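A closer look at the structure
Now for the letters of each chain:
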Amino acid sequence: MIAAHEALGNTLLPWAIATFIVALVQWVWFRFFSLANAKPRVASKAARVLITVVLAAAVAVTAVGSVVTVVRVGESGAKAIWSGSFAG
């Protein structure tokens, strides 16, 4: 069971990297390109709205994926500990 917990733990790294990248892209977007700037660098309002919506969807996907993976890893670790299969 510990090996299963470790294997599931290894699946968390891609989600953490994806969350970081999406957060970084979102920060750059709102810092330099979004509607909040006095002079937006993206001319079309429709393009700005579309990019904002796509970023919001990416945030939602990475957040849900990260949370689900953390819960799965934690559950497998708890099962391993409570079943007594942990030797240490």
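Residues numbered from 1 in each chain as written. Predicted model: local features only at pLDDT ≥ 70, side-chain atom pairs only at ≥ 80, totals over all residues. Heavy atoms only, no water.

1. Here we look at the overall build of the protein chain
The secondary structure content of the protein chain amounts to 3 helices and 0 strands. Along its sequence from the N terminus, the protein chain presents helices and strands in the succession α-α-α. Within the protein chain, the proportion of its 88 residues that are buried is 16%. Within the structure as shown, the protein chain displays about 6,200 Å² of accessible surface, and the carbon and sulfur contribution to it stands at 74%. (Helix = DSSP H or I, 4+ residues; strand = E, 2+ residues; numbered from the N terminus. Buried < 20%, exposed > 50% of the residue type's maximum accessible area, 1.4 Å probe, protein only. Areas by Shrake-Rupley, 256 points an atom, 1.4 Å probe, with all protein chains shown as cover.)

2. Remarks on the environment of Ser-34
Locating Ser-34 in the fold gives a position in the loop between helix H2 (12-33) and helix H3 (45-82). With relative accessibility at 2%, the residue Ser-34 sits in the buried group. In the structure, Ser-34 is positioned 11 residues away from Lys-45 in sequence and 9.5 Å away in space, judged by C-alpha atoms.

3. Some points on the packing of helix H1 (residues 2-10) against H3
Axis angle and axis distance: for two packed helices, these are the angle between their axes and the distance between the axes, and together they describe the pair. At their nearest, the axes of H1 and H3 sit 8 Å apart, and the two run at 165° to each other. With respect to their mutual orientation, H1 and H3 come out roughly antiparallel. Here H1 and H3 pass one another in a crossing that is left-handed. Listed contacts from H3 to Ile-2, His-5, Leu-8 and Gly-9 of H1 are Thr-69, Arg-72, Val-73, Ser-76, Gly-77 and Ala-80. (Axes fitted to C-alpha atoms, helices over the stretch in contact; angles between N-to-C directions. Parallel < 35°, antiparallel > 145°, perpendicular 65-115°, else oblique. Left-handed = near helix turned anticlockwise from the far one by under 90°. Contact = heavy atoms within 4.5 Å.)

4. Structural notes on the packing of H2 against H3
For the pair H2 and H3, interaxial distance at closest approach is 9 Å and the crossing angle is 155°. Looking at the two axes, H2 sits roughly antiparallel to H3. Considering the relative orientation of H2 and H3, their crossing is left-handed. Along its contact with H2, which presents Leu-12, Trp-15, Ala-18, Thr-19, Val-22, Val-25, Gln-26, Trp-29, Phe-30 and Phe-33, the element H3 presents Arg-48, Ile-51, Thr-52, Leu-55, Ala-58, Val-59, Val-61, Thr-62, Gly-65, Ser-66, Thr-69 and Val-70. Tallied by class, residues from the contact of H2 with H3 come to 14 nonpolar, 7 polar and 1 charged. (Nonpolar A, V, L, I, M, F, W, Y, C, P; charged D, E, K, R; others polar.)

5. Some thoughts on a nonpolar patch on the surface
The grouping of Leu-13, Ile-17, Phe-20, Ile-21, Leu-24, Val-25, Trp-27 and Phe-32 at the surface amounts to a nonpolar patch, some 780 Å² of accessible area in total. The residue Val-25 is located in helix H2 in this model. (Patch = residues over 30% accessible without salt bridge, like charges linked within 9 Å, V, L, I, M, F, W, Y side chains within 5 Å. Salt bridge = Lys/Arg side-chain N within 4 Å of Asp/Glu carboxyl O.)

6. Considering H3
The end-to-end C-alpha distance of H3 is 55 Å, a good match for the 56 Å that 38 residues give at a rise of 1.5 Å each. Listed in full, the buried residues belonging to H3 are Arg-48, Leu-55, Thr-62, Gly-65, Ser-66, Thr-69, Val-73, Ser-76, Gly-77 and Ala-80. Contacts made by the buried residues of H3 are with H1 and H2. (Expected span 1.5 Å × (residues − 1).)

7. Things to note about the confidence of the model for the protein chain
Put simply, the protein chain has an average pLDDT of 86, and 86% of its residues get 70 or more. Of all helices and strands in the protein chain, the one with the weakest mean pLDDT is H1 (84), whereas H2 scores best (92). (pLDDT = per-residue confidence, 0-100.)

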